[in-house]
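# Survey of secondary and tertiary structure
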Amino acid sequence: MTSTPTTFKIGGDLEVNRLGYGAMRLTGRPGNFGPYKDWEGGLKLLRRAADLGISFYDSARSYGPETADQIVGEGLEGRGVIIATKGGVDKPEPTRIVVDGSRDTLHRQIDQALVNLKRDQIDLFQLHRVDPETSIEESIAALAEAQEDGRIRHIGLSNVKRDHLDRALTVAPIASVQNRFNVSETSDSDFVDYTASKGIAFIPYGPLGADPMQQGAKLEPRQSLAWLLKRSPNIVVIAGTTSIAHLEENWSAWDLV
Ligand SMILES: NC(=O)c1ccc[n+]([C@@H]2O[C@H](COP(=O)([O-])OP(=O)(O)OC[C@H]3O[C@@H](n4cnc5c(N)ncnc54)[C@H](OP(=O)(O)O)[C@@H]3O)[C@@H](O)[C@H]2O)c1
(Lines give C-alpha, C1' and ligand atoms only; values in the text may rest on other atoms or scores of the structure.)
Protein backbone atom coordinates (compact mmCIF):
# COMPACT_ATOMS: atom_id res chain seq x y z
CA MET A 1 0.00 0.00 0.00
CA THR A 2 1.13 3.52 -0.74
CA SER A 3 0.75 6.56 1.48
CA THR A 4 0.16 8.78 -1.56
CA PRO A 5 -3.51 9.81 -1.59
CA THR A 6 -5.37 8.65 -4.70
CA THR A 7 -8.04 11.34 -4.48
CA PHE A 8 -8.32 15.10 -3.92
CA LYS A 9 -11.40 17.13 -3.06
CA ILE A 10 -11.59 20.02 -5.52
CA GLY A 11 -13.14 23.03 -3.82
CA GLY A 12 -13.32 20.91 -0.67
CA ASP A 13 -16.23 18.81 -1.94
CA LEU A 14 -15.70 17.36 -5.42
CA GLU A 15 -13.64 14.24 -4.77
CA VAL A 16 -11.72 13.10 -7.87
CA ASN A 17 -9.14 10.46 -8.62
CA ARG A 18 -5.89 12.43 -8.96
CA LEU A 19 -5.10 10.83 -12.32
CA GLY A 20 -7.47 12.57 -14.69
CA TYR A 21 -7.80 13.12 -18.42
CA GLY A 22 -7.22 16.19 -20.64
CA ALA A 23 -9.46 16.50 -23.71
CA MET A 24 -7.58 19.11 -25.76
CA ARG A 25 -6.42 16.46 -28.22
CA LEU A 26 -9.97 15.30 -29.00
CA THR A 27 -10.11 18.06 -31.64
CA GLY A 28 -9.18 18.55 -35.27
CA ARG A 29 -5.65 18.92 -36.66
CA PRO A 30 -3.81 21.19 -37.10
CA GLY A 31 -4.15 23.62 -34.22
CA ASN A 32 -6.61 21.66 -32.04
CA PHE A 33 -9.20 23.22 -34.36
CA GLY A 34 -12.52 21.79 -35.54
CA PRO A 35 -14.22 18.58 -34.45
CA TYR A 36 -12.22 15.44 -33.70
CA LYS A 37 -12.14 13.36 -36.90
CA ASP A 38 -12.83 9.99 -35.30
CA TRP A 39 -15.82 11.16 -33.24
CA GLU A 40 -17.07 7.64 -32.44
CA GLY A 41 -13.55 6.59 -31.45
CA GLY A 42 -13.33 9.63 -29.17
CA LEU A 43 -16.61 8.70 -27.47
CA LYS A 44 -15.31 5.16 -26.98
CA LEU A 45 -12.08 6.45 -25.46
CA LEU A 46 -13.93 8.71 -23.00
CA ARG A 47 -16.19 5.84 -21.93
CA ARG A 48 -13.20 3.54 -21.48
CA ALA A 49 -11.61 6.23 -19.31
CA ALA A 50 -14.69 6.38 -17.11
CA ASP A 51 -14.77 2.57 -16.91
CA LEU A 52 -11.13 2.54 -15.75
CA GLY A 53 -12.02 4.85 -12.87
CA ILE A 54 -10.89 8.21 -14.25
CA SER A 55 -13.24 10.68 -12.63
CA PHE A 56 -11.81 14.10 -13.60
CA TYR A 57 -11.91 15.51 -17.17
CA ASP A 58 -10.46 18.80 -18.35
CA SER A 59 -11.75 20.64 -21.41
CA ALA A 60 -11.99 24.25 -22.64
CA ARG A 61 -14.15 26.37 -24.87
CA SER A 62 -11.18 27.13 -27.12
CA TYR A 63 -10.52 23.45 -27.90
CA GLY A 64 -12.25 23.13 -31.24
CA PRO A 65 -13.65 25.74 -30.27
CA GLU A 66 -16.57 24.17 -28.38
CA THR A 67 -16.15 20.73 -29.98
CA ALA A 68 -14.04 19.28 -27.13
CA ASP A 69 -16.78 20.30 -24.69
CA GLN A 70 -19.31 18.67 -27.02
CA ILE A 71 -17.52 15.33 -27.31
CA VAL A 72 -16.84 15.27 -23.57
CA GLY A 73 -20.50 16.08 -22.86
CA GLU A 74 -21.75 13.35 -25.18
CA GLY A 75 -19.19 10.73 -24.20
CA LEU A 76 -19.59 11.15 -20.46
CA GLU A 77 -23.33 11.82 -20.26
CA GLY A 78 -24.77 10.06 -17.23
CA ARG A 79 -21.37 8.85 -15.98
CA GLY A 80 -21.31 10.88 -12.75
CA VAL A 81 -17.78 12.18 -13.33
CA ILE A 82 -16.38 15.65 -12.61
CA ILE A 83 -15.92 17.85 -15.68
CA ALA A 84 -13.90 21.04 -15.83
CA THR A 85 -13.95 23.48 -18.70
CA LYS A 86 -12.54 26.94 -19.33
CA GLY A 87 -13.61 30.25 -20.82
CA GLY A 88 -12.23 33.67 -21.59
CA VAL A 89 -10.32 32.40 -24.63
CA ASP A 90 -11.76 31.70 -28.07
CA LYS A 91 -10.17 30.30 -31.20
CA PRO A 92 -11.59 31.68 -34.47
CA GLU A 93 -8.80 30.12 -36.57
CA PRO A 94 -6.30 27.27 -36.04
CA THR A 95 -3.44 29.67 -35.30
CA ARG A 96 -5.31 32.55 -33.66
CA ILE A 97 -6.76 32.91 -30.19
CA VAL A 98 -8.85 35.77 -28.81
CA VAL A 99 -8.60 36.51 -25.09
CA ASP A 100 -11.73 38.13 -23.65
CA GLY A 101 -12.49 37.90 -19.95
CA SER A 102 -15.23 40.51 -19.93
CA ARG A 103 -18.39 39.89 -17.93
CA ASP A 104 -20.79 39.48 -20.87
CA THR A 105 -18.46 37.15 -22.76
CA LEU A 106 -17.93 34.90 -19.74
CA HIS A 107 -21.67 34.71 -19.04
CA ARG A 108 -22.39 33.79 -22.68
CA GLN A 109 -19.63 31.18 -22.72
CA ILE A 110 -20.91 29.60 -19.50
CA ASP A 111 -24.38 29.25 -21.03
CA GLN A 112 -22.90 27.64 -24.16
CA ALA A 113 -20.69 25.31 -22.09
CA LEU A 114 -23.73 24.10 -20.15
CA VAL A 115 -25.38 23.09 -23.43
CA ASN A 116 -22.21 21.54 -24.85
CA LEU A 117 -21.44 19.58 -21.69
CA LYS A 118 -25.11 18.53 -21.28
CA ARG A 119 -25.08 19.61 -17.65
CA ASP A 120 -27.22 21.83 -15.40
CA GLN A 121 -24.12 22.97 -13.57
CA ILE A 122 -20.43 23.15 -14.54
CA ASP A 123 -18.34 21.48 -11.84
CA LEU A 124 -15.27 23.66 -12.36
CA PHE A 125 -15.09 26.68 -14.66
CA GLN A 126 -11.59 28.01 -15.18
CA LEU A 127 -10.56 31.42 -16.47
CA HIS A 128 -8.29 30.19 -19.26
CA ARG A 129 -6.07 33.29 -19.32
CA VAL A 130 -6.10 36.70 -17.71
CA ASP A 131 -7.42 39.28 -20.18
CA PRO A 132 -5.04 42.25 -20.39
CA GLU A 133 -8.07 44.49 -21.06
CA THR A 134 -10.16 43.27 -18.10
CA SER A 135 -8.93 43.12 -14.53
CA ILE A 136 -8.84 39.67 -13.00
CA GLU A 137 -11.11 41.00 -10.24
CA GLU A 138 -13.75 41.85 -12.87
CA SER A 139 -13.51 38.44 -14.57
CA ILE A 140 -13.72 36.59 -11.26
CA ALA A 141 -16.68 38.74 -10.16
CA ALA A 142 -18.53 37.56 -13.30
CA LEU A 143 -17.74 33.93 -12.48
CA ALA A 144 -18.86 34.52 -8.89
CA GLU A 145 -22.24 35.68 -10.22
CA ALA A 146 -22.55 32.41 -12.16
CA GLN A 147 -21.59 30.53 -9.02
CA GLU A 148 -24.24 32.35 -7.06
CA ASP A 149 -26.97 31.59 -9.60
CA GLY A 150 -25.89 27.93 -9.67
CA ARG A 151 -24.52 27.64 -13.22
CA ILE A 152 -21.04 26.84 -11.98
CA ARG A 153 -19.97 25.10 -8.79
CA HIS A 154 -16.33 26.11 -8.48
CA ILE A 155 -14.04 28.71 -10.02
CA GLY A 156 -10.52 27.94 -11.26
CA LEU A 157 -7.66 29.86 -12.85
CA SER A 158 -5.22 28.96 -15.60
CA ASN A 159 -1.93 30.46 -16.81
CA VAL A 160 -1.56 32.64 -13.74
CA LYS A 161 1.07 33.82 -11.28
CA ARG A 162 0.74 33.84 -7.53
CA ASP A 163 -0.19 37.52 -7.59
CA HIS A 164 -3.19 36.75 -9.83
CA LEU A 165 -4.33 34.06 -7.43
CA ASP A 166 -4.03 36.39 -4.45
CA ARG A 167 -6.06 39.05 -6.25
CA ALA A 168 -8.70 36.55 -7.37
CA LEU A 169 -9.03 35.27 -3.81
CA THR A 170 -10.10 38.74 -2.68
CA VAL A 171 -13.19 38.35 -4.90
CA ALA A 172 -14.24 34.69 -4.56
CA PRO A 173 -13.00 31.29 -3.41
CA ILE A 174 -10.67 29.73 -6.00
CA ALA A 175 -10.68 25.94 -6.23
CA SER A 176 -7.85 25.28 -8.69
CA VAL A 177 -4.88 26.60 -10.63
CA GLN A 178 -3.92 25.06 -13.99
CA ASN A 179 -0.39 25.90 -15.21
CA ARG A 180 2.27 24.10 -17.21
CA PHE A 181 4.34 21.89 -14.91
CA ASN A 182 6.08 18.55 -15.29
CA VAL A 183 9.23 16.72 -14.20
CA SER A 184 11.40 18.81 -16.54
CA GLU A 185 9.50 22.14 -16.34
CA THR A 186 9.40 23.01 -12.65
CA SER A 187 9.45 26.82 -12.52
CA ASP A 188 6.10 26.74 -10.68
CA SER A 189 7.44 24.51 -7.92
CA ASP A 190 6.92 27.12 -5.16
CA PHE A 191 3.48 27.88 -6.57
CA VAL A 192 2.51 24.20 -6.28
CA ASP A 193 3.41 24.35 -2.59
CA TYR A 194 1.57 27.66 -2.14
CA THR A 195 -1.65 26.24 -3.63
CA ALA A 196 -1.24 23.12 -1.48
CA SER A 197 -1.00 25.29 1.64
CA LYS A 198 -4.36 26.83 0.71
CA GLY A 199 -6.15 23.58 -0.14
CA ILE A 200 -6.32 24.60 -3.82
CA ALA A 201 -5.88 21.96 -6.52
CA PHE A 202 -2.87 22.37 -8.81
CA ILE A 203 -3.64 20.92 -12.25
CA PRO A 204 -0.41 20.63 -14.25
CA TYR A 205 -0.91 20.81 -17.99
CA GLY A 206 1.55 19.26 -20.43
CA PRO A 207 2.29 16.55 -17.83
CA LEU A 208 4.13 14.51 -20.48
CA GLY A 209 6.01 17.54 -21.77
CA ALA A 210 4.12 17.66 -25.07
CA ASP A 211 4.08 20.78 -27.22
CA PRO A 212 0.40 21.88 -27.22
CA MET A 213 0.38 22.18 -31.03
CA GLN A 214 2.26 18.95 -31.80
CA GLN A 215 1.61 15.30 -31.20
CA GLY A 216 3.71 13.10 -28.98
CA ALA A 217 4.88 12.84 -25.39
CA LYS A 218 8.39 14.13 -24.77
CA LEU A 219 8.80 12.43 -21.40
CA GLU A 220 8.51 8.81 -20.23
CA PRO A 221 4.74 8.74 -19.65
CA ARG A 222 4.23 6.51 -16.60
CA GLN A 223 7.24 7.81 -14.70
CA SER A 224 6.33 11.44 -15.37
CA LEU A 225 2.77 10.89 -14.19
CA ALA A 226 3.95 8.97 -11.12
CA TRP A 227 6.40 11.79 -10.30
CA LEU A 228 3.57 14.35 -10.41
CA LEU A 229 1.30 12.21 -8.25
CA LYS A 230 4.09 11.90 -5.67
CA ARG A 231 5.12 15.57 -5.90
CA SER A 232 2.22 17.02 -3.91
CA PRO A 233 -1.17 15.67 -2.75
CA ASN A 234 -3.04 18.65 -4.29
CA ILE A 235 -1.83 17.81 -7.81
CA VAL A 236 -4.56 16.49 -10.11
CA VAL A 237 -2.99 15.27 -13.35
CA ILE A 238 -4.66 15.63 -16.78
CA ALA A 239 -2.75 13.49 -19.28
CA GLY A 240 -3.94 13.90 -22.86
CA THR A 241 -4.22 11.03 -25.30
CA THR A 242 -6.21 9.90 -28.32
CA SER A 243 -5.21 6.26 -27.85
CA ILE A 244 -6.97 3.73 -25.62
CA ALA A 245 -3.69 1.79 -25.27
CA HIS A 246 -1.93 4.96 -24.05
CA LEU A 247 -4.85 5.77 -21.76
CA GLU A 248 -4.54 2.36 -20.11
CA GLU A 249 -0.76 2.69 -19.88
CA ASN A 250 -1.10 6.13 -18.27
CA TRP A 251 -3.65 4.86 -15.76
CA SER A 252 -1.17 2.17 -14.74
CA ALA A 253 1.14 4.94 -13.47
CA TRP A 254 -0.63 4.32 -10.16
CA ASP A 255 1.26 1.00 -10.00
CA LEU A 256 4.56 2.93 -10.05
CA VAL A 257 3.45 5.35 -7.33
N1 LIG B 1 -4.60 25.58 -19.58
C2 LIG B 1 -3.89 25.58 -20.69
O3 LIG B 1 -3.49 26.63 -21.22
C4 LIG B 1 -3.56 24.25 -21.32
C5 LIG B 1 -2.61 24.16 -22.36
C6 LIG B 1 -2.32 22.91 -22.89
C7 LIG B 1 -2.99 21.78 -22.40
N8 LIG B 1 -3.92 21.90 -21.40
C9 LIG B 1 -4.62 20.72 -20.84
O10 LIG B 1 -3.67 19.76 -20.45
C11 LIG B 1 -3.98 18.49 -21.05
C12 LIG B 1 -2.72 17.70 -21.28
O13 LIG B 1 -1.78 18.44 -22.03
P14 LIG B 1 -1.27 17.99 -23.46
O15 LIG B 1 -2.27 17.09 -24.11
O16 LIG B 1 -0.86 19.20 -24.20
O17 LIG B 1 0.09 17.24 -23.18
P18 LIG B 1 0.56 15.89 -22.51
O19 LIG B 1 -0.51 15.30 -21.69
O20 LIG B 1 1.86 16.23 -21.89
O21 LIG B 1 0.88 14.94 -23.77
C22 LIG B 1 -0.08 14.54 -24.69
C23 LIG B 1 0.67 13.89 -25.86
O24 LIG B 1 1.37 12.74 -25.39
C25 LIG B 1 1.00 11.58 -26.12
N26 LIG B 1 0.84 10.47 -25.15
C27 LIG B 1 -0.03 10.41 -24.10
N28 LIG B 1 0.13 9.25 -23.43
C29 LIG B 1 1.12 8.56 -24.06
C30 LIG B 1 1.71 7.30 -23.84
N31 LIG B 1 1.34 6.51 -22.84
N32 LIG B 1 2.71 6.90 -24.70
C33 LIG B 1 3.12 7.69 -25.71
N34 LIG B 1 2.56 8.90 -25.98
C35 LIG B 1 1.57 9.34 -25.15
C36 LIG B 1 -0.30 11.91 -26.79
O37 LIG B 1 -0.35 11.27 -28.04
P38 LIG B 1 -1.44 10.09 -28.32
O39 LIG B 1 -2.71 10.78 -28.60
O40 LIG B 1 -0.87 9.37 -29.49
O41 LIG B 1 -1.48 9.23 -27.08
C42 LIG B 1 -0.27 13.43 -26.95
O43 LIG B 1 0.25 13.83 -28.19
C44 LIG B 1 -4.73 18.89 -22.33
O45 LIG B 1 -5.50 17.85 -22.84
C46 LIG B 1 -5.55 20.03 -21.83
O47 LIG B 1 -6.71 19.54 -21.17
C48 LIG B 1 -4.18 23.11 -20.86
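Structural data are supplied above this passage.
Before going into details, it helps to say that this report is about the structure given with it. (Residues numbered from 1 in each chain as written. Predicted model: local features only at pLDDT ≥ 70, side-chain atom pairs only at ≥ 80, totals over all residues.)

For the rest of this paragraph, the subject is the overall build of the protein. Counting its regular elements, the protein contains nine helices and 12 strands. Relative to the globule expectation of 18 Å for 257 residues, the C-alpha radius of gyration of the protein, 17 Å, shows essentially globular dimensions. By principal-axis analysis of the C-alpha atoms, the protein measures approximately 45 × 40 × 35 Å. Split into buried and exposed, the 257 residues of the protein put 47% on the buried side. Across the protein, every contact between residues at least 6 apart in sequence was considered, and the portion connecting residues at least 24 apart equals 73%. (Helix = DSSP H or I, 4+ residues; strand = E, 2+ residues; numbered from the N terminus. Rg over C-alpha atoms; globule rule 2.2 N^0.38 Å. Buried ≥ 20, exposed ≤ 12 C-beta atoms within 10 Å, placed from the backbone. Contact = placed C-beta atoms within 7 Å.)

On to the environment of Lys 44, then. In this fold, Lys 44 is placed in helix H1 (residues 39–52). The spatial distance from the C-alpha of Lys 44 to the C-alpha of Leu 76 is 9.8 Å, given a sequence separation of 32 residues.

As summarised here, the arrangement of the eight strands in space is E11-E10-E9-E8-E5-E4-E3-E12, forming an open sheet in which the pairing is parallel. The sheet is open, and its two borders are formed by strand E11 (201–205) and strand E12 (237–240), each paired with just one other strand. Here the average twist between neighbouring strands, direction ignored, is 30°. (Pairing = 2+ DSSP bridges. Axes fitted to C-alpha atoms, helices over the stretch in contact; angles between N-to-C directions.)

We now examine the nonpolar core. One finds Tyr 57, Val 72, Leu 143 and Val 237 to be the most contacted residues of the largest nonpolar core, which totals 69 residues. Beyond its immediate chain neighbours, meaning those up to four positions away, Val 237 contacts Arg 18, Leu 19, Gly 20, Pro 204, Pro 207, Leu 225, Leu 228 and Leu 229. (Core = buried A, V, L, I, M, F, W, Y, C linked by C-beta atoms within 7 Å.)

Around the ligand, the surrounding shell holds 28 residues, and the nearest of these are Gly 22, Met 24, Leu 208, Ala 210 and Gly 240. Those elements that provide at least two residues to the shell around the ligand are E12 and helix H8 (244–251). Partitioned by chemical class, the residues of the shell around the ligand number 11 nonpolar, 14 polar and three charged. (Near = placed C-beta within 6 Å. Nonpolar A, V, L, I, M, F, W, Y, C, P; charged D, E, K, R; others polar.)

With that out of the way, let us pick up the pairing of strand E7 (residues 96–99). In this sheet, E7 lies alongside strand E6 (residues 89–93) in antiparallel orientation, the contact comprising three bridges. From the neighbouring strand, Val 89 faces E7, where its bridge partner is Val 99. In this antiparallel pair of consecutive strands, E6 and E7, the connection spans two residues.

This brings us to helix H4 (residues 136–148). Helix length check: H4, at 13 residues, gives a terminal C-alpha distance of 18 Å against a target of 18 Å (1.5 Å per residue), a fit within 8%. Where H4 is buried, its residues touch helix H3 (103–117), strand E8 (122–127), strand E9 (152–158) and helix H5 (162–169). Two residues or fewer past H4, Gly 150 is found with a positive phi of approximately 90°. (Expected span 1.5 Å × (residues − 1).)

Looking now at helix H2 (residues 67–75). Residues spaced three or four apart along an α-helix point in a common direction, a consequence of the helix completing one turn every 3.6 residues. Counting buried residues along H2, eight of its nine residues qualify, which places the element largely inside the surrounding structure. When H2 is considered as a whole, its buried residues turn out to be Thr 67, Ala 68, Asp 69, Gln 70, Ile 71, Val 72, Gly 73 and Gly 75. Along its buried surface, H2 packs onto H1, strand E4 (56–58), strand E5 (82–87) and H3.

Moving on, we come to the environment of Gly 20. Topologically, Gly 20 is positioned in strand E3 (residues 19–22). Considering only alpha carbons, one finds Gly 20 and Ala 113, 93 residues apart in sequence, at a separation of 20 Å. Contacts of Gly 20, omitting those with residues within four sequence positions, involve Ile 54, Phe 56, Tyr 57, Asp 58, Val 236, Val 237 and Ile 238.

Further remarks concern unusual backbone geometry. Residues Arg 29 and Pro 30 are joined by a peptide bond in cis, for which omega reads -5°. Assignment of secondary structure puts Pro 30 in the loop between E3 and H1. Cis geometry is found at the peptide bond from Gly 64 to Pro 65, where omega equals -5°. Take Pro 65: it is sitting in the loop between E4 and H2.

On to the packing of H1 against H8, then. Between two packed helices, what matters for the description is the angle formed by their axes and the separation of those axes. Across the interface, H1 lies against H8 with an axial gap of 10 Å and an inter-helix angle of 20°. Taken as axis vectors, H1 and H8 run roughly parallel relative to one another. As for the relative orientation of H1 and H8, their crossing is right-handed in sense. Taking contact as the criterion, the partners of Leu 45, Arg 48, Ala 49 and Leu 52 in H1 are, on H8, Ile 244, Leu 247, Glu 248 and Trp 251. Considering only residue class, the contact of H1 with H8 consists of six nonpolar, no polar and two charged. (Parallel < 35°, antiparallel > 145°, perpendicular 65-115°, else oblique. Left-handed = near helix turned anticlockwise from the far one by under 90°.)

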